[in-house]
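Spelled out, the chains give:
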Amino acid sequence: MSEPIIKVDNLRKVYKLGTQKVVALDNINLEIYPGEICCILGTSGSGKSTLLNMLAGLEKPSRGNVFINNSSISQMSEKELVDFRQKYLGFVFQSYNLINSMTALENVTLPLVFKGKNKNFRVKAAKNILKTVGLSSHLNHKPSQMSGGQQQRVGIARAFVSNPSVVFADEPTGNLDSKTTDEIMKIMLDVAQSFGQTLVIVTHDRDIASYANRIFYLFDGRICYDLHVNKELYGNREDLLHHIQEIFDTEKQKISQSKENSEVE
Amino acid sequence: MKIKDIFSMALGNLMRRKLRTFLTVIGVIVGAAAIIVMISLGIAMNKSLDDTISEMGDLTIIELNTYAYTIDDNGNYQDKRNLLNDELVEKIKKLDGVVAVSPFVSVYENKIVANRTYELQGQEIYGIDAEAFEQFGYELEYGDFPKKGETFLFFGTDTYYRFRNPDKPVYDYFKEFYNTDGTPKPPKVDIKKAKIYISGFSWNDERKYEFKKYNVQKVGILKQKENDWMTQYSIFADIETVNKILSENAKANNNRDFKPGEYNTVKIKAADINSAEKIQNTLKEMGITTYGLSDMRESMQKQQGTLQMILGGIGAMSLIVAAIGIANTMVMSIYERTKEIGVMKVLGCKLSNIKSMFLIESSVIGFIGGIFGVALSYVASFLMNKFMNASSLGSAGNFGIVTESAVSIIPWWLVLLSVVFSTVVGLISGYLPSCRATRISALEAIKSE
Ligand SMILES: Nc1ncnc2c1ncn2[C@@H]1O[C@H](COP(=O)(O)OP(=O)(O)OP(=O)(O)O)[C@@H](O)[C@H]1O
Ligand SMILES: [Mg+2]
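Residues numbered from 1 in each chain as written. Chains lettered and ligands numbered in written order. Predicted model: local features only at pLDDT ≥ 70, side-chain atom pairs only at ≥ 80, totals over all residues. Heavy atoms only, no water.

**What to know about a positive patch on the surface**
Phase 1: A surface patch of positive charge is lined by A:K117, A:K119, B:K2 and B:K4.
Phase 2: Here B:K2 lies in the segment before helix 1 (3-16).
Phase 3: Under the relative-accessibility criterion, B:K2 is labelled partly exposed at 35%. (Patch = residues over 30% accessible without salt bridge, like charges linked within 9 Å, V, L, I, M, F, W, Y side chains within 5 Å. Areas by Shrake-Rupley, 256 points an atom, 1.4 Å probe, with all protein chains shown as cover. Salt bridge = Lys/Arg side-chain N within 4 Å of Asp/Glu carboxyl O. Lys, Arg positive; Asp, Glu negative; His and termini not counted. Charge placed at Lys NZ, Arg CZ, Asp CG, Glu CD. Helix = DSSP H or I, 4+ residues; strand = E, 2+ residues; numbered from the N terminus. Buried < 20%, exposed > 50% of the residue type's maximum accessible area, 1.4 Å probe, protein only.)

**Considerations on the site of ligand 1**
Phase 1: Within the structure, ligand 1 sits among 13 residues, and A:S44, A:G45, A:K48, A:S49 and A:T50 are positioned closest to it.
Phase 2: In this structure ligand 1 sits where residues from chains A and B come together.
Phase 3: One of the backbone N or O atoms of A:G47 is found 3.1 Å from an oxygen atom in ligand 1.
Phase 4: Within the contact set of ligand 1, an oxygen atom lies 2.7 Å away from a side-chain nitrogen or oxygen of A:K48.
Phase 5: About the coverage of ligand 1: the protein hides 65% of its 630 Å² of free accessible area.
Phase 6: Elements supplying a minimum of two residues to the shell around ligand 1: strand 1 (6-17) and helix 1 (48-55) of chain A.
Phase 7: Per-element tally for the shell around ligand 1: the top contributor is helix 1 of chain A, with 3 residues. (Near = heavy atom within 4 Å. Polar contact = N/O pair within 3.5 Å; in protein donor to acceptor, adjacent residues only side chain to side chain.)

**Observations regarding the pattern of salt bridges**
Phase 1: The final tally for this structure, using the stated rule, is 16 salt bridges over all chains.
Phase 2: The closest approach of N and O atoms between A:E183 and A:K179, which form a salt bridge, is 3.3 Å. Taken together, the positions of A:E183 and A:K179, both in helix 6 (residues 178-195) and 4 residues apart, correspond to about one turn of that helix.
Phase 3: Its relative accessible area of 30% is what places A:E183 among the partly exposed residues.
Phase 4: B:E336 serves as the salt-bridge partner of B:R17, at 2.8 Å between the closest nitrogen and oxygen. Taken together, the residues B:R17 in the loop between helix 1 and helix 2 (18-56) and B:E336 in helix 9 (residues 293-336) connect sequence positions 319 residues apart.

**Brief notes about the interface of chain B and chain A**
Phase 1: The interface of chain B with chain A comprises 21 residues on the first partner and 25 residues on the second.
Phase 2: At the boundary of chain B with chain A, total buried surface from both sides reaches about 2,200 Å², with 66% on carbon and sulfur atoms.
Phase 3: Of all residues in chain B, the largest losses of buried area upon contact with chain A belong to B:V346, B:L347 and B:L443, amounting jointly to 27% of the total for that side.
Phase 4: There are 2 salt bridges connecting chain B and chain A.
Phase 5: The salt bridge partner of A:R122 is B:D5, with a shortest N-O separation of 2.7 Å.
Phase 6: The interface formed by chain B and chain A holds 9 residue pairs in polar contact (both at pLDDT 80 or more) in total.
Phase 7: Elements represented by at least two residues in the side of chain B that touches chain A include exactly helix 1, helix 10 (338-346) and helix 13 (442-447) of chain B.
Phase 8: Examining the composition of the side of chain B that touches chain A, we find that 6 residues originate from one element, helix 10 of chain B, more than from any other.
Phase 9: Looking at the side of chain B that touches chain A, its residues break down into 11 nonpolar, 1 polar and 9 charged. (Contact = heavy atoms within 4.5 Å. Buried area = accessible area lost by both parts, 1.4 Å probe. Nonpolar A, V, L, I, M, F, W, Y, C, P; charged D, E, K, R; others polar.)

**Observations concerning the packing of helix 3 (residues 104-115) of chain A against helix 4 (residues 119-132) of chain A**
A pair of packed helices is characterised by two quantities: the angle between their axes and the separation of those axes.
All names here are of chain A.
Phase 1: Where helix 3 contacts helix 4, the two axes come as close as 9 Å, and the packing angle between them is 125°. Considering their axes alone, helix 3 and helix 4 lie oblique with respect to each other. Judged by the twist between their axes, the crossing of helix 3 over helix 4 is right-handed. Contacts between helix 3 and helix 4 involve A104, L105, V108, T109, L112 and V113 from the former and F121, R122, V123, A125, A126, K127, I129 and L130 from the latter.
Phase 2: For the contact of helix 3 with helix 4, a count of residues per class yields 11 nonpolar, 1 polar and 2 charged. (Axes fitted to C-alpha atoms, helices over the stretch in contact; angles between N-to-C directions. Parallel < 35°, antiparallel > 145°, perpendicular 65-115°, else oblique. Left-handed = near helix turned anticlockwise from the far one by under 90°.)

**Observations regarding empty space enclosed by the protein**
Phase 1: Across all of its chains, the model carries 3 cavities of 30 Å³ or more by this definition.
Phase 2: Reported here for the largest cavity is a volume of approximately 70 Å³.
Phase 3: Residue lining of the largest cavity: A:R85, A:Q86, A:L89, A:G90, A:F91, A:P111, A:R158, A:A159, A:S162, B:V346 and B:L347, and that is the complete set.
Phase 4: Counting only elements with at least two residues in the lining of the largest cavity, the list comes to helix 2 (78-88), strand 6 (89-92) and helix 5 (148-160) of chain A.
Phase 5: When residues of the lining of the largest cavity are assigned to their parent elements, the largest contribution, 3 residues, is made by strand 6 of chain A.
Phase 6: Looking at the lining of the largest cavity residue by residue, the classes come out as 6 nonpolar, 3 polar and 2 charged. (1 Å grid on protein atoms, 1.4 Å probe; cavity = no way out; pocket = protein on both sides within 12 Å on 5 of 7 lines; lining within 4 Å. Points joined across faces, edges and corners; volume = space filled by probe spheres on them.)

**Digging into the pairing of strand 6 (residues 118-121) of chain B**
Residues and elements named next belong to chain B.
Phase 1: As paired strands, strand 5 (residues 110-114) and strand 6 are joined by 4 bridges and run antiparallel to one another. Bridged to A114 within strand 6 is Y118.
Phase 2: The antiparallel hairpin formed by strand 5 and strand 6 contains 3 residues in its connecting segment, where N115 sits at a positive phi of about 50°. (Pairing = 2+ DSSP bridges.)

**Let's talk about the nonpolar core**
Residue and element names in this part refer to chain A.
Phase 1: By size, the foremost hydrophobic cluster in this structure holds 69 residues, and its most contacted members are I6, L55, F168 and V200.
Phase 2: Apart from residues no more than four positions distant in its own chain, V200 is found in contact with I6, I32, C38, I40, L52, L55, V166, V167, F168 and A169.
Phase 3: Core analysis: the next-biggest nonpolar cluster, separate from the first, contains 49 residues, I37, L176, V229 and L240 among them. (Core = buried A, V, L, I, M, F, W, Y, C linked by side-chain atoms within 4.5 Å.)

**Quick word on the sheet that holds strand 10 (residues 222-228) of chain A**
All names here are of chain A.
Phase 1: Taking strand neighbours across the sheet as the criterion, the 6 strands line up as 6-7-8-3-9-10 in an open arrangement whose pairing is mixed. The outermost strands of the open sheet, each flanked by one partner alone, are strand 6 and strand 10. Neighbour-to-neighbour, the strand axes of the sheet open up by a mean angle of 15°, direction not taken into account.
Phase 2: Pairing geometry for strand 7 (residues 166-170) and strand 8 (residues 198-203), over 5 bridges, is parallel. Each residue of the ladder has a partner; that of D170, found in strand 8, is V202.
Phase 3: In the packing of helix 5 onto the sheet, the strands contacted are strand 6, strand 7 and strand 8, and the crossing angle to strand 6 comes to about 175°.

**Quick notes on the side chain of B:E124**
Residues and elements named next belong to chain B.
Phase 1: Note on placement: E124 falls in the loop between strand 6 and strand 7 (125-128).
Phase 2: As a buried residue without a salt bridge, E124 has its nearest oppositely charged side chain in K267, at a separation of 10 Å.
Phase 3: Only 2.8 Å separates the side chain of E124 from the side chain of S106, close enough to count as a polar contact.
Phase 4: Reaching out from E124, the side chain makes a polar contact with the side chain of Y108 at a distance of 3.2 Å.
Phase 5: Apart from the residues lying within four places of it in its own chain, the contact partners of E124 are S106, V107, Y108, S234 and I235.

Here's what the structure looks like:
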């Protein structure tokens, strides 16, 4: 196997709220390989967003290291991080975060503007990717003139337009209905797979997790299961979902048993 | 990011909040115009002062007189005598910035005779150093400048009309020299061709003594200068001849006060106004009291300086208010765009680019304000020049001299300077807000709904 594109080494994040300490993440170790579609799955408050933010260098860990392309992003300054994100990373947000004053096309060209690409190149690339996400007819629409699903497609186009190595998405379909969710997930996977990009998606929805070929199950700030999904083993998504369900149920049981044990001791 | 893109994003942001941008720009316009107008008033004041003074004479000429007044620290006049002699003249010649020095001696008791018949009597003749004559800025309408040691006689433009035959009685002096319409009659002698000599004379016990005759080598006519009456009504001769006439006169009258080699007046021509000031200071150190128009200019400028400071202060104040306005607008704008800026950071917009974007925004506000401020100040300046009286401002009026001059003058350098200045003010006002923008947390921005 090739080198991992993301490597997390004994990561820990503690938030201090006054005198109280909240351990949001503890003892996280993982390796993600180029082209993997990863999903960080977990219940609310399990630390998914915290982990993603740290993988993407938006937040500093309390301890441990995150490496992307063999660079330790945890050691980087704010300025270096911005440059790094510009070169290698893309983002899709739950609330789209489009610039309201700009059209779809302008929003999508933005990462290329930051990269200093010239206008012709920018517009061509943006139109291309907008076509891929099925928005050719909405190039000059402002965010307020588009539906949530359309806005998120713009968001996806924006994340992929500069051809990043890794795209991070925190609850990308959190604000969408289930039909649109399916569409959006398919588009994201399509684009990522056609360019061999690595995708890291955060979700609490097992349905969505079933699109991934790698699932990290996060519970109470720890990764308690790292599932490599061999799609060929399952006839359809229903089977996979069922399997996931099984695994997580047993995991939960294990955890609660060990808790009881420690309490008995 | 390309500079062009940074600019277009910055301008786009300004255009998005048109009203707010407009109001902020108005603040700068008023501030810039205030400063320009105040400075233009100051410039006009100095100009009218200089005009007034140069109307009174040449600023680069310093006059030394034997009898001088000084004002002591209590503001009282003090009599003072300066010893003006050849030794001093030689000393002054060696000072830096001195173009020419010459004693000015004068004699009334003389007559100038042309072609033996025609005489000009009792006209004051000034004796001046042959070499200094040209350097003091006198020009000749007719004749050549004298060389060292040459004798000469140069007539003021009004003087050579007055030659007349002394043997003929005069009934009416006006009719003798002027036509009925007031224009002068042509001179009776063509001095360009006449044979001319000077001699001194004196009246003593009802008897008229006549002295030696002095032939002159060069005869000329002065070119009249607007602000120098001497070029009109005086006659200049070489100082040696005048001194000879004076000493003969003193001998005949038994006048012991006359001392050859001492003068009542010495004039110094300086290279420029600054050297004139330096020379005056040096002379003061030597214990010589001087009189020059630059003294007057200095004291008037001092008076005006205070007024100009106050005016400038008012202008500066309004520009400071405008600067605060810009800073306020930028802070507001950053506050509004926190999320947007955070998202841009997540998408890989460099911190330096974000900073430049905000600095450009604030500078553009300053720049546009500056440009329109210049326009506004031109309008204000035009109106003031039209409806206000120059002597109501500044101290030139206080000296009883009213010159026709502008109330407000805006030179091109002031236009350039004020546009640059307001741009810089914009830049500075935007600096802290722009630093704040770069510190916006990307994480907070994407978290907040
Ligand atoms: N800035 C913060 N300060 C203090 N505690 C925080 C902060 N951010 C997160 N936490 C805590 O860390 C834990 C994990 O939060 P996180 O946002 O990662 O959860 P999540 O898995 O993304 O949940 P959700 O599915 O609801 O988004 C929570 O207990 C939360 O209270
Ligand atoms: Mg979350």
